[in-house]
Amino acid sequence: MTQGVEPTDELFAVKNGQHDERDVAPPIGSQPSLGRGLGWSALMLVMVSVSAFVYMIGYSVYLTLMQSHSTTLLDVDTIETLTLAHSESVDALFGLLGLETLFVLPLLLFAAHFKGQSWRQTLAVKIFSRYSFWLASCLFLAYLAVSISVDMLWVSEPDDFIAKMLGTKSLWASIALVVFAPLVEEFFFRGYLFAMLRSTRLGAWGTLVMTSLLFTLAHAGQYQWSVLCVVGLLALFLGYVREKSGSIWLPILFHALNNLLAVVFVIWLGVS
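It should be emphasised that the depicted structure is a prediction, and the values quoted were computed from it without experimental measurement.

(A) Representation of the overall build of the chain within the structure. When helices and strands are tallied, the chain shows ten helices and four strands. Ordered by position in the sequence, the α and β elements of the chain form the string β-β-β-β-α-α-α-α-α-α-α-α-α-α. Buried positions account for 45% of the 272 residues belonging to the chain. Taking all contacts inside the chain whose residues are at least 6 apart in sequence as the whole, residues at least 24 apart take part in 79%. About 14600 Å² of surface is accessible on the chain, with carbon and sulfur atoms providing 69% of the total.

(B) Just unusual backbone geometry, in detail. Phi is positive for Ala124, close to 60°, though the residue is something other than glycine. Here Ala124 lies in the loop between α4 (119–122) and α5 (130–153). Not every positive phi belongs to a glycine, and Lys169 is a case in point at roughly 55°. One can find Lys169 in the loop between α6 (160–163) and α7 (171–198).

(C) Representation of the nonpolar core in the model. One finds Met44, Leu93, Met165, Phe187 and Tyr192 to be the most contacted residues of the largest nonpolar core, which totals 41 residues. Among the elements of the structure, α1 (34–66), α3 (93–111), α6, α7, α9 (225–245) and α10 (249–268) are those that each provide at least two residues to this core. Top element by residues in this core is α7. It accounts for 14 residues. Residues in contact with Tyr192, not counting those within four places in the same chain, are Pro32, Arg36, Gly37, Trp40, Ser41, Met44, Leu108, Ala111, Ala112, Leu123 and Phe187. With eleven residues, the next largest nonpolar core counts Phe140, Leu144, Val230 and Phe237 among its residues.

(D) Here's a closer look at the environment of Val48. For Val48, the location among the structural elements is in helix α1. For Val48 and Leu99, which are 51 residues apart along the polypeptide, the C-alpha to C-alpha distance reads 8.5 Å. Beyond its immediate chain neighbours, meaning those up to four positions away, Val48 contacts Glu100 and Val104.

(E) Expanded view of the pattern of salt bridges. According to the stated counting rule, one finds two salt bridges in the structure shown. Put simply, Arg190 and Glu186 hold a salt bridge, and the shortest N to O gap is 2.7 Å. With Arg190 and Glu186 both in helix α7 and four residues apart, the pair spans about one turn of that helix. Judged by relative accessible area, which is 0%, Glu186 ranks as buried. For the salt bridge of Glu243 with Arg198, the shortest nitrogen-to-oxygen distance reads 2.9 Å. Remark: Arg198 occurs in helix α7 and Glu243 occurs in helix α9; sequence separation between them is 45 residues. In terms of burial, Glu243 and Arg198 fall into one category: buried.

(F) Geometry of the packing of α5 against α9. Taken N-terminus to C-terminus, the directions of α5 and α9 make an angle of 170°; their axes are 10 Å apart at the nearest point. Considering their axes alone, α5 and α9 lie roughly antiparallel with respect to each other. Where α5 abuts α9, its residues Tyr131, Ser132, Leu135, Ala136, Leu139, Phe140, Tyr143, Val146, Ser147 and Val150 lie against Ser226, Val230, Leu233, Leu234, Phe237, Tyr240, Val241, Lys244 and Ser245.

(G) Highlighting helix α2 (residues 76–87). Here α2 spans 16 Å end to end across twelve residues, near enough to the 16 Å set by a 1.5 Å rise per residue. Every buried residue of α2 is listed here: Ile79, Thr83, His86 and Ser87. The buried residues of α2 occupy one face: seen down the axis, they fall within an arc of 95°. Structural note: α2 exposes Asp77 and Thr81 on the side pointing more than 90 degrees away from its buried face. In this structure, the buried side of α2 is in contact with α1 and α3. Capping the start of α2 is the job of one residue whose side-chain oxygen sits 3.3 Å from the backbone nitrogen of Asp77: Asp75.

(H) Up close: the side chain of Ser212. Among the secondary structure elements, Ser212 is positioned in helix α8 (residues 203–218). Within the structure, the side chain of Ser212 is placed 3.4 Å from the backbone oxygen of Ala235, a separation counted as a polar contact. Each residue touching Ser212, except ones within four places of it in the same chain, is listed here: Gly232, Ala235 and Leu236.

(I) Seen up close, the confidence of the model for the chain. Scored by pLDDT, the chain comes out at a mean of 87, with 88% of its residues at no less than 70. Contacts from residues 1–10, a stretch scored under 50 in pLDDT, to residues over four places away or in other chains number 29 contacts. This stretch, residues 12–29, has a pLDDT under 50; its non-local contacts, to residues over four places away or in other chains, come to 32 contacts.

Procedures and definitions
Residues numbered from 1 in each chain as written. Predicted model: local features only at pLDDT ≥ 70, side-chain atom pairs only at ≥ 80, totals over all residues. Heavy atoms only, no water. Helix = DSSP H or I, 4+ residues; strand = E, 2+ residues; numbered from the N terminus. Buried < 20%, exposed > 50% of the residue type's maximum accessible area, 1.4 Å probe, protein only. Contact = heavy atoms within 4.5 Å. Areas by Shrake-Rupley, 256 points an atom, 1.4 Å probe, with all protein chains shown as cover. Core = buried A, V, L, I, M, F, W, Y, C linked by side-chain atoms within 4.5 Å. Salt bridge = Lys/Arg side-chain N within 4 Å of Asp/Glu carboxyl O. Axes fitted to C-alpha atoms, helices over the stretch in contact; angles between N-to-C directions. Parallel < 35°, antiparallel > 145°, perpendicular 65-115°, else oblique. Expected span 1.5 Å × (residues − 1). Arc of directions from axis to C-beta. Polar contact = N/O pair within 3.5 Å; in protein donor to acceptor, adjacent residues only side chain to side chain. pLDDT = per-residue confidence, 0-100.

Here it is in structure tokens:
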């Protein structure tokens, strides 16, 4: 465990040689050491795979049990094929992301708790100021303008991940994307990883860039380059808001809002 230091390269404006009181970065406090943090982060990523495996096993068991109510018996290969197909469907998002949240979030909270410092302090679980909220709102509108411009200029066929959700009107998938995804992703990327890297030599800018890059790479298998550029921009916005406000709740709020807009257009209106 290393002792945090007051930031010297914070992302704040200087006015007349002094910081605006609203723009002072919150004290970092004790943070996980790099080695300890990377170890816990690796374990959390393993638990993501474990949660997906558990879900697929559970669905296979469900198919097996359902055979008692059917006249057609399924062999092992058929059950395996159906399970794999289901895991890639929109209907599976609720179960997959729900189990991921259930498996990863408690582990993350445990890893963020130190002697003398609770997980709330490590993960910046605190109330944000009104000033931070309005600043984030303005920046979010700017992000939306850029993302819409990229979408209009870079016209292409929708990714498989998006195409399979178009017009499905799936309530469960909507809940998964608006609730589960922002919670687990923000607590991991802008919470634990941010806290771990922020007290290293990376500083504010390095932490912002590194967590944004990792967040974008985590979505590389879902989207094409044009969408990944927007995802990277979103990550930079969320990281800046986390640094500026000193609270994890603002990134969670605007991540959920971003996903809600995507859900409305893609899942409910069928607009790619």
